[in-house]
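Here is what each chain is made of, one letter per residue.
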Amino acid sequence: MSELTITLLRLGYLALLWLLVLSAIAVLRRDLYGTRITDRRTRRRATVAAEGPPPAPQAAPQQPRSSAGRSRQQPRLVVTEGPLTGTIVPLASSAVLIGRAPACTLVLDDDYSSSRHARIFPQADGWYVEDLGSTNGTFLDDQRVEAPTPLTPGAQVRVGQSVIELQR
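Being a predicted model, the structure only gives us computed values, none of them experimental.

## Focus: the nonpolar core
Counting 21 residues, the largest nonpolar core has L77, I98, L106 and L151 as the members making the most contacts within it. In this structure L106 touches V79, L84, T87, V89, L97, I98, G99 and I164, once residues within four positions along its chain are discounted.

This is the structure:
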């Protein structure tokens, strides 16, 4: 073999070695920084600050709420503890998926929750909570959820560092 052929083979192997190293770095980078979670609270504050103060609401006569008015109010999930404290998710007729994955209904920025951690779904007689095989478990009032469990208003569901409460 000529010296030119050997030099070209060496350069080819060197290029393949660098390609292997760069692809390994790309895989590691995707694993470390793959899911980008945005802090909605910061973005909302920046938007409100840019728009200026909201217009003053018109004074409407206050009518006392009756207990019948409260029962017709749509149920909702409220995050009472954790990074998303104060977040409200109105409940409709579809299930609410809770976890770190961007496809979830309630995306948690929490190292102790799984990507698809828990599900809160409606049945004919009310709302139920179900653990989706999470690593750290889902707890309903300090009891680990092993199977779909009925969720009563005021009950607290712990998912990682967050506590979620069903309110009517």
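## Remarks on the sheet that holds strand β4 (residues 106-107)
Taken together, the five strands give an open sheet; going across it, the order is β4-β3-β5-β6-β9, and neighbouring strands pair in mixed fashion. Edge positions in the open sheet fall to β4 and β9 (149-151), since each of these has one partner strand only.

## Describing the sheet that holds strand β8 (residues 143-144)
Within a sheet, neighbouring strands are paired by backbone hydrogen bonds and run either parallel or antiparallel to one another. Taken in spatial order, the six strands of this open sheet run β2-β1-β11-β10-β7-β8, and their pairing is antiparallel. Pairing within the sheet leaves two strands with one partner each, and these edge strands are β2 (88-90) and β8. With five bridges joining them, strand β1 (residues 76-81) and strand β11 (residues 162-167) adopt antiparallel strand pairing. Pairing of V79 across the sheet is with I164, part of β11.

## Comments concerning the packing of aromatic side chains
Following the criterion strictly, the structure yields one aromatic pair and no others. A centroid spacing of 5.9 Å and a plane angle of 20 degrees characterise the contact between F121 and Y128, whose relative ring orientation is stacked. Of the residues examined, Y128 reaches a relative accessible area of 15% and is grouped as buried. Above the face of the F121 ring, R119 is positioned so that its terminal group lies 4.1 Å from the ring centre.

## Description of the confidence of the model for the protein chain
A low pLDDT means the predicted coordinates there should not be read in detail. For the protein chain, the mean per-residue pLDDT works out to 80, and 77% of the residues sit at or above 70. Confidence over residues 64-71 falls short of pLDDT 50; this stretch has two contacts with residues more than four positions distant or in other chains.

## Quick word on the pairing of strand β3 (residues 96-99)
Residues V96 and I98 of β3 are buried on one face, and the alternating residues L97 and G99, pointing to the opposite face, are buried as well. Where β3 lies against strand β5 (residues 118-123), three bridges are found, and the strand directions are antiparallel. Along β5, the bridge assignment pairs V96 with I120. Across two bridges, β3 lies against β4 in parallel orientation. Considered in β4, the bridge of I98 is made with L106.

## A look at the pattern of salt bridges
For the coordinates displayed, the defined rule picks out three salt bridges. E81 is paired through a salt bridge with R158; the nearest N and O atoms lie 3.4 Å apart. Placement of E81 in strand β1 and of R158 in strand β10 (residues 156-159) is noted, with a sequence separation of 77 residues between them. A relative accessible area of 32% places R158 in the partly exposed class. The salt bridge partner of E130 is R119, with a shortest N-O separation of 2.8 Å. Here R119 lies in strand β5 and E130 lies in strand β6 (residues 126-131), a separation of eleven residues in the sequence.

Procedures and definitions
The numbering scheme is per chain: residues are counted from 1 as the chain's sequence reads. Local features in this predicted model are restricted to residues whose pLDDT is 70 or higher, and side-chain atom pairs enter the listing and the counts only when it is 80 or higher, whereas totals over whole chains, interfaces and linings include all residues. Side-chain metrics in this entry use all non-hydrogen atoms of the structure; hydrogen atoms and water are not considered. Here, nonpolar core refers to any group of buried Ala, Val, Leu, Ile, Met, Phe, Trp, Tyr and Cys residues whose side-chain atoms link them within 4.5 Å. Using a 1.4 Å probe on the protein chains alone, a residue whose accessible area is under 20% of its type maximum counts as buried, one over 50% counts as exposed, and one in between counts as partly exposed. Contacts are assigned to residue pairs with any non-hydrogen atoms lying within 4.5 Å of each other. Strands pair, by our definition, only if DSSP identifies at least two bridges between them. To qualify as a helix, a DSSP run of H or I must reach at least 4 residues; to qualify as a strand, a run of E must reach at least 2; elements of each kind are numbered from the N terminus. Only Phe, Tyr and Trp rings are paired, with Trp represented by its six-membered ring, and only when their centres lie within 6.5 Å; those with planes under 30 degrees apart are stacked, over 60 edge-to-face, the remainder tilted. Consider the ring centre and the ring normal. A charge sits over the ring if Lys NZ or Arg CZ is within 6 Å of that centre and within 35 degrees of that normal. pLDDT expresses how confident the predictor is about each individual residue, on a scale running from 0 to 100. In what follows, salt bridge is the name for a side-chain nitrogen of Lys or Arg lying within 4 Å of a carboxyl oxygen of Asp or Glu.

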